[in-house]
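Chain by chain, the residues:
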Amino acid sequence: GTGPLSLTLIGRRGNGEYRKQQSASRRFLFRSAAQHSAAQGAAMHPPLVLHRNPLCREQILALTDCHENNRWAKFWGECNEVKQKLDACFRKQKEYKRKVNLAKSRAERERLEQRRQGAGSDEK
C-alpha cells in the first residue's frame, strides 16, 4: 500500500528474504523514549550521581526507589510526579551553581585587574 504505515520492499537478501524499508511515520511509532523526548524538545535529566548533585540527593533517591519499586508502572507515569520534583531541583541547583560561578569569576576578574594595575604603576 501507499499509506503512512506502508512498508516498501527494497531488495532480496542472500537467504531469499526481502528487506523492508519503513516509512518515516512508521519509524516514529518505534522510537525509544529518549528519542521521542528529544524530538518533542524535552530534555533528559543528567546522570543521577549523588556526588555531582548534592542539592538534589533526596529527589534522586526517591526517583531511583520509585523506578525500582514500580518496574512496569514507571512506563505509564507512576514516577512522573517524583521526576517533576527532581527536574525542579535540578533547575534550582543549576541556578545556584551559576550564581556561585559568577561570584568566583567576578572575584578572579577583580584580582587580575588589581594585579594588572599594580604592575602598571611599578613601571612608571
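Everything below is about the structure printed above this text.
Here is a short report on the structure shown in this document. (Residues numbered from 1 in each chain as written. Predicted model: local features only at pLDDT ≥ 70, side-chain atom pairs only at ≥ 80, totals over all residues. Heavy atoms only, no water.)

### Some thoughts on a nonpolar patch on the surface
- Residues L55, Y96 and V100 make up a contiguous nonpolar surface patch of roughly 270 Å² in combined accessible area.
- As for its placement among the helices and strands, L55 is situated in the loop between α2 (33–39) and α3 (57–69). (Patch = residues over 30% accessible without salt bridge, like charges linked within 9 Å, V, L, I, M, F, W, Y side chains within 5 Å. Areas by Shrake-Rupley, 256 points an atom, 1.4 Å probe, with all protein chains shown as cover. Salt bridge = Lys/Arg side-chain N within 4 Å of Asp/Glu carboxyl O. Helix = DSSP H or I, 4+ residues; strand = E, 2+ residues; numbered from the N terminus.)

### Here we look at the side chain of Q93
- Within the fold, Q93 resides in helix α4 (residues 80–123).
- Residue classification places Q93 among the buried positions, given a relative accessible area of 5%. (Buried < 20%, exposed > 50% of the residue type's maximum accessible area, 1.4 Å probe, protein only.)

### Description of the packing of aromatic side chains
- In the structure shown here, the tally under the stated rule is two aromatic pairs.
- Ring centres of W72 and F75 lie 6.1 Å apart, and the angle between their planes is 50 degrees; on these two criteria the pair is classed as tilted. When sorted by exposure, W72 lands in the same class as F75, which is exposed.
- On the numbers, 6.5 Å between centres and 85 degrees between planes, the contact of F75 with W76 is edge-to-face. Taken individually, F75 and W76 each receive the classification exposed, so the pair is uniform in this respect.
- Taken together through their ring pairs, the aromatic side chains of W72, F75 and W76 make up a single cluster. (Phe/Tyr/Trp six-rings, centres within 6.5 Å; stacked < 30°, edge-to-face > 60°.)

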